[in-house]
Amino acid sequence: MYKNNLILQALKGDITSQIPVWLMRQAGRVLPEYRQTRKKAKNFIEFVKTPQLAAEVTLQPVDILNVDAAIIFSDILVVPEAMGLPYSMAEEKGPIFQNFIRSASDIQNLKIAHTDQYSYVIEAIQLTKKHLNNRVPLIGFSGAPWTLFAYMTEGKGSKTFSTAKKWLYSNPSESHQLLQKITLSIINYLKDQIKAGADVIQIFDSWAGVLNKSLYQQFCIPYLKQICNEIKEVPIILFPKDGFFALQDIQQLNYNAVSLDWTIEPEWVIPLLPNKTLQGNADPCLLYANEKTIEQETIKMLNKFSSVPYIANLGHGLYPDIDKEKVRFFIDIIHNFKR
Ligand code: CP3
């Protein structure tokens, strides 16, 4: 059905002869074309809420970088907003929520997100699918329950998310109520993305790494399990950033693939995650190096993953000041690699 379905084959468990690649934050400030399009919107949120512009930047990396999948341009904070917590994005800094969750009654006031509250994302997906014209699959996404909980209780980004963790330790039953409401919202959101044409789903648990095995078992695994058991229509990838301690529990869940951050050694993780497709995990900072170093390190990574179903990616998103030509170079090395 797709001119290029390498990613779907890898997610089915095939060891593809050419290794597919896409990059987290491929639609972003690394591309001068993105920065041009972004000027057409007043701010980041208006940009995300304009389906024509979101579709335009979603397609750019497919044309310019030759990646094997598109990922819909949006943000994980669409879901908290749809539940009733509007935010703003401070330029170069990150999100700030005007109102965030400070008490149990704030949790009661939250809505379960529904189509009407995020219809602009659904329109952006429909528009993108039309323009993609089956060239490559389209990835839809959501933040994981814990990562959204972290922003919703902290009210902004944080290095430690200690306010969010304070909820887990001091108000476990209210924390579970909030996580359950977030999870139901995520399931609605993902089902609507799939109906609109998303071919793959990725769940970003960007703040897994501030927890530990026990907290992850109590406050993350049960909700991640609900999500993967509800999303049966398309393959689903989980990215538990810095969550090495959670991998044995994640292995038990019905995720088709696990996306790995750059601290994880392939030799260490391959026996831990049998029957899962692996994705990752070059350090984004590798792309600051010269071409010789990029080539050596990338080939080392590809060789280490070559015995398992695999999608090449970075261990986290591209940084805005990485040179677009280095990104292109990295992708070409992957495509030219012979397994
Ligand atoms: O190309 C893609 O990967 C798709 C688009 C995408 C964005 N955000 C666009 C974006 C995706 C998948 C996200 C997910 C996201 N958003 C995550 C999970 C992934 C991760 O990075 O761990 C998180 C934690 C967020 C929250 C968020 N959004 C922060 C902390 C920031 C500010 C940081 C920054 O770079 O300025 C954003 C803004 C954001 N989301 C940008 C982009 C391209 C930069 C905004 C801009 O254009 O100025």
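Refer to the structure above for everything that follows.
Residues numbered from 1 in each chain as written. Predicted model: local features only at pLDDT ≥ 70, side-chain atom pairs only at ≥ 80, totals over all residues. Heavy atoms only, no water.

A. Highlighting the site of the ligand. The full set close to the ligand counts 22 residues, and Arg25, Arg29, Tyr34, Ser206 and His316 are the nearest of them. The separation between an oxygen atom of the ligand and a polar main-chain atom of Ala27 is 3.0 Å. The side chain of His316 places a nitrogen or oxygen atom 2.6 Å from an oxygen atom of the ligand. Summarising the interface, the protein chains cover 91% of the accessible area of the ligand, which totals 860 Å² for the free molecule. Going through the elements one at a time, helix H2 (32-38) and strand E3 (94-97) are the ones with two or more residues in the shell around the ligand. Of the residues belonging to the shell around the ligand, the class tally is 13 nonpolar, 5 polar and 4 charged. (Near = heavy atom within 4 Å. Polar contact = N/O pair within 3.5 Å; in protein donor to acceptor, adjacent residues only side chain to side chain. Areas by Shrake-Rupley, 256 points an atom, 1.4 Å probe, with all protein chains shown as cover. Helix = DSSP H or I, 4+ residues; strand = E, 2+ residues; numbered from the N terminus. Nonpolar A, V, L, I, M, F, W, Y, C, P; charged D, E, K, R; others polar.)

B. Here's a closer look at the packing of helix H7 (residues 119-132) against helix H10 (residues 172-196). For the pair H7 and H10, the least separation of the axes is 9 Å and the interaxial angle reads 25°. By the angle class used here, H7 and H10 are roughly parallel. Here the hand of the crossing between H7 and H10 comes out right-handed. Contact residues: H7 offers Val121, Ile122, Ile125, Gln126 and Lys129, while H10 offers Tyr189, Asp192, Gln193 and Ala196. (Axes fitted to C-alpha atoms, helices over the stretch in contact; angles between N-to-C directions. Parallel < 35°, antiparallel > 145°, perpendicular 65-115°, else oblique. Left-handed = near helix turned anticlockwise from the far one by under 90°. Contact = heavy atoms within 4.5 Å.)

C. Here's a closer look at the pairing of strand E4 (residues 138-143). For E4, the buried fraction is high: 6 of the 6 residues fall into the buried class. On E4, burial covers both faces: Leu138, Gly140 and Ser142 on one face and Ile139, Phe141 and Gly143 on the other are all buried. Inspection of the sheet shows strand E1 (residues 70-71) paired to E4 by 2 bridges, in the parallel sense. Within the sheet, the bridge partner assigned to Ala70 lies in E4 and is Leu138. Here E4 pairs with strand E5 (residues 200-205) via 5 bridges, running parallel. Paired with Gly140 across the two strands is Ile201, which belongs to E5. (Buried < 20%, exposed > 50% of the residue type's maximum accessible area, 1.4 Å probe, protein only. Pairing = 2+ DSSP bridges.)

D. Representation of the environment of Lys195. By secondary structure assignment, the location of Lys195 is in helix H10. A sequence separation of 38 residues divides Lys195 from Glu233, and the C-alpha atoms of the two residues are 9.4 Å apart.

E. Structural view of H10. Here H10 is 25 residues long and its end C-alpha atoms lie 36 Å apart, about the 36 Å a rise of 1.5 Å per residue gives. Where H10 terminates, the next one or two residues include Gly197, which has phi positive at roughly 130°. (Expected span 1.5 Å × (residues − 1).)

F. Structural context of the nonpolar core. Ile203, Tyr216 and Phe330 are the most contacted members of the largest nonpolar core, which totals 133 residues. Here this core gets 9 residues from one element, more than from any other, and that element is H10. Other than its neighbours up to four places away in sequence, Ile203 contacts Ser142, Gly143, Ala144, Leu190, Leu224, Ile227, Ile236, Ile237, Leu238, Phe239 and Tyr255. (Core = buried A, V, L, I, M, F, W, Y, C linked by side-chain atoms within 4.5 Å.)

G. Quick look at the packing of aromatic side chains. Applying the stated rule across the entire model yields 14 aromatic pairs. Judged by centre distance (4.8 Å) and plane angle (40°), the ring pair of Phe47 and Phe73 falls under tilted. A residue pair is termed long-range when its members are at least 10 positions apart, and Phe47 in helix H3 (residues 44-48) and Phe73 in the loop between E1 and helix H5 (78-83) qualify at 26 residues. Given the relative accessible area of 7%, Phe73 is considered buried. Here Tyr87 and Phe97 contribute two aromatic rings whose centre-to-centre distance is 5.7 Å and whose plane-to-plane angle is 45°, an arrangement assigned as tilted. (Phe/Tyr/Trp six-rings, centres within 6.5 Å; stacked < 30°, edge-to-face > 60°.)

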